Amino acid sequence: MATFKAIRIDKADKGTTAALTEFDEADLMDGDVTVRVEWSTLNYKDGLAVTGKAPVVRRFPIDRGHRFAGTVEQSSHPDWKAATR
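Bear in mind the structure is a predicted one, so any value in this text is a computation, not a measurement.

Observations concerning the pairing of strand β1 (residues 3-12)
Pairing analysis gives 10 bridges linking β1 to strand β2 (residues 15-24), with the strands arranged antiparallel. In the sheet register, Lys5 faces β2, and the bridge partner there is Glu22. Linking two consecutive strands that pair antiparallel, namely β1 and β2, is a turn of 2 residues.

What about the pattern of salt bridges?
Summed over all chains, the structure comprises 3 salt bridges. Measuring nitrogen to oxygen at the nearest pair gives 3.2 Å for the salt bridge that ties Asp10 to Arg8. Look at Asp10 and you get partly exposed, because its relative accessible area is 24%. When its relative accessible area of 26% is taken as the criterion, Arg8 is described as partly exposed. With its nearest N and O atoms 3.0 Å apart, the salt bridge here joins Glu38 to Arg85. One end of the pair, Glu38, is in strand β3 (residues 33-41); the other, Arg85, is in the segment after β5 (67-75), with 47 residues separating them in the sequence. Arg85 sits in the exposed class, given a relative accessible area of 68%.

Considering unusual backbone geometry
Within the chain, Ala83 stands out as a residue other than glycine whose phi angle is a positive 80 degrees. With respect to the secondary-structure elements, Ala83 resides in the segment after β5. A residue is classified by how much of its surface remains accessible, and Ala83, at 60% relative accessible area, is exposed.

Notes on helix α1 (residues 44-51)
All of the buried residues in α1 are Asp46, Leu48 and Ala49. Take α1 and look down its axis: the buried residues cluster within an arc of 160 degrees, on one side only. Capping the start of α1 is the job of one residue whose side-chain oxygen sits 3.0 Å from the backbone nitrogen of Lys45: Asn43. Phi turns positive, to about 75 degrees, at Gly52, one or two residues after α1.

Thresholds, definitions, all that
- Residues numbered from 1 in each chain as written.
- Predicted model: local features only at pLDDT ≥ 70, side-chain atom pairs only at ≥ 80, totals over all residues.
- Heavy atoms only, no water.
- Pairing = 2+ DSSP bridges.
- Helix = DSSP H or I, 4+ residues; strand = E, 2+ residues; numbered from the N terminus.
- Salt bridge = Lys/Arg side-chain N within 4 Å of Asp/Glu carboxyl O.
- Buried < 20%, exposed > 50% of the residue type's maximum accessible area, 1.4 Å probe, protein only.
- Arc of directions from axis to C-beta.
- Polar contact = N/O pair within 3.5 Å; in protein donor to acceptor, adjacent residues only side chain to side chain.

In structure tokens, the structure reads:
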């Protein structure tokens, strides 16, 4: 099973906690597209979520850095075929 690193934000007694965490595919939410990520980034709201400065996270835990570019490895979605960049 493939492993990867992701920023995970959890609810804590006093606010939130954020940490770079090792994940594997079993940790992912259900979905229909698997992408081999080549580039990823964080945006302004990700920064707010990581610092806990603003209440932008509505569901915990949550993984940040979901803006990415890569190649589709497998998909059951009609708009995204395997090997699509």
